[in-house]
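Below are the chains, spelled out letter by letter.
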Amino acid sequence: MSQQGPEENIPAEKPAGSLAEIAQEMAARNPLVRKENGHIDLLAAAGGVRGIAESVLPGLVFLVAFTITRDLTTALVGSVAMAAVFLVARLVQRTPLTQALAGIAGVALSAFLAMKTGRAEDYYTVGFYTNAAYIVAMVVSIAVRWPILGLLFGYARNEGVRWRGQPERLRAYRVATWILVGVMAARLAVQLPLYFAGQVDALGAMRLIMGVPLYACGLWIAWLVSRPVKDVAADEG
């Protein structure tokens, strides 16, 4: 259950322009909610227990299978099979397929690249491009004064996009977005040297450690940094 803030009864301003329409679309699909204590629900933000499992387990299966057998085909088949299990489970339970479809597509592409080159480390190249794309998107959003975390956090806090007219709130959400840029950049800084060195086991371990756990940590810090002054005062009161 999300906590409704004091602005709950204030109608959201209707922003104009294509960027605003994109913002509203993002808000409609916003997975971020506030718990009763006013803090962000990190589990929901990560897609819940199932979402975390769908994100982590295919890569974990690949890493464990390759570490034990040193056979690329076995590791790739295991990884794709795990992603397929999640997709079938959603089909049987008739739950939304978006995350599972995205997951199996990513795993299948990763497996294809690794199989094509015969290099286990190429299983992780899709993740590098994904991180780079996120960095570019977030930096652009900051530059055009529509920071992505402002769009997500703003609706979770019942601010809508009114924060854009408040310099201090805009600044806070730009800083918050830079924090997630830092998370994505840290992944590349740590993992790319391992990739080029062919350190598959270390690369796989870092991918898991710097995946959901680091993202959740960065999101939590960004949430705290961007809190409105009244929320900080309420916590201290």
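Model, not experiment: these values are computed from the prediction.

Draft legend 1. Just the overall build of the chain, in detail. A tally of helices and strands in the chain yields 11 helices and 0 strands. Here the chain holds 237 residues, and 40% of them are scored as buried. For the chain, the share of sequence-separated contacts (at least 6 apart) that also reach a separation of at least 24 residues comes to 69%. When the accessible area of the chain is evaluated, it comes to approximately 12400 Å², of which 66% is carbon and sulfur surface.

Draft legend 2. Broad picture of the packing of aromatic side chains. Scanning the model with the defined rule gives 9 aromatic pairs in all. Seen from their ring centres, Phe153 and Trp223 are 5.0 Å apart, and the 85 degrees between their planes marks the pair as edge-to-face. Here the residue Phe153 occupies a position in helix H7 (residues 148–156), and Trp223 occupies one in helix H10 (residues 212–225), the gap between them amounting to 70 residues. With relative accessibility at 1%, the residue Trp223 sits in the buried group.

Draft legend 3. Structural detail: the environment of Leu180. Position of Leu180 among the secondary structure elements: in helix H8 (residues 167–196). We classify Leu180 as buried; its relative accessible area is 4%. Along the primary structure Leu180 and Leu219 are separated by 39 residues, whereas in three dimensions their C-alpha atoms are 6.9 Å apart. Setting aside chain neighbours within four positions, we find Leu180 in contact with Met138, Leu149, Tyr215, Gly218 and Leu219.

Draft legend 4. Representation of the pattern of salt bridges within the structure. Summed over all chains, the structure comprises 5 salt bridges. Of the charged contacts, one joins Arg90 and Glu54 as a salt bridge, the two residues approaching to 2.6 Å between their closest N and O atoms. With Arg90 in helix H4 (residues 72–93) and Glu54 in helix H3 (residues 48–69), this residue pair connects regions lying 36 residues apart in the sequence. Residues Arg90 and Glu54 agree in their burial class; the two are buried. We note a salt bridge from Asp201 to Arg70, for which the minimum N-O separation is 3.1 Å. Within this pair, whereas Asp201 is found in helix H9 (residues 200–209), its partner Arg70 is found in the loop between H3 and H4, the two being separated by 131 residues in sequence. Since its relative accessible area comes to 31%, Asp201 is described here as partly exposed.

Draft legend 5. Main features of the nonpolar core. Among the nonpolar cores identified, the biggest contains 45 residues, and Phe62, Leu149 and Phe153 are the most heavily contacted of them. Top contributing element to this core by residue count: H8, with 10 residues.

Draft legend 6. Region of interest: unusual backbone geometry. Despite not being glycine, Arg94 shows a phi value in the positive range, around 55 degrees. On the secondary structure map, Arg94 appears in the loop between H4 and helix H5 (98–117). Phi angles above zero are rare outside glycine, and Arg145 is one such case at about 65 degrees. Structurally, the position occupied by Arg145 is in the loop between helix H6 (125–143) and H7.

Parameters at a glance
Residues numbered from 1 in each chain as written. Predicted model: local features only at pLDDT ≥ 70, side-chain atom pairs only at ≥ 80, totals over all residues. Heavy atoms only, no water. Helix = DSSP H or I, 4+ residues; strand = E, 2+ residues; numbered from the N terminus. Buried < 20%, exposed > 50% of the residue type's maximum accessible area, 1.4 Å probe, protein only. Contact = heavy atoms within 4.5 Å. Areas by Shrake-Rupley, 256 points an atom, 1.4 Å probe, with all protein chains shown as cover. Phe/Tyr/Trp six-rings, centres within 6.5 Å; stacked < 30°, edge-to-face > 60°. Salt bridge = Lys/Arg side-chain N within 4 Å of Asp/Glu carboxyl O. Core = buried A, V, L, I, M, F, W, Y, C linked by side-chain atoms within 4.5 Å.

Nothing here speaks to function; it is geometry throughout.
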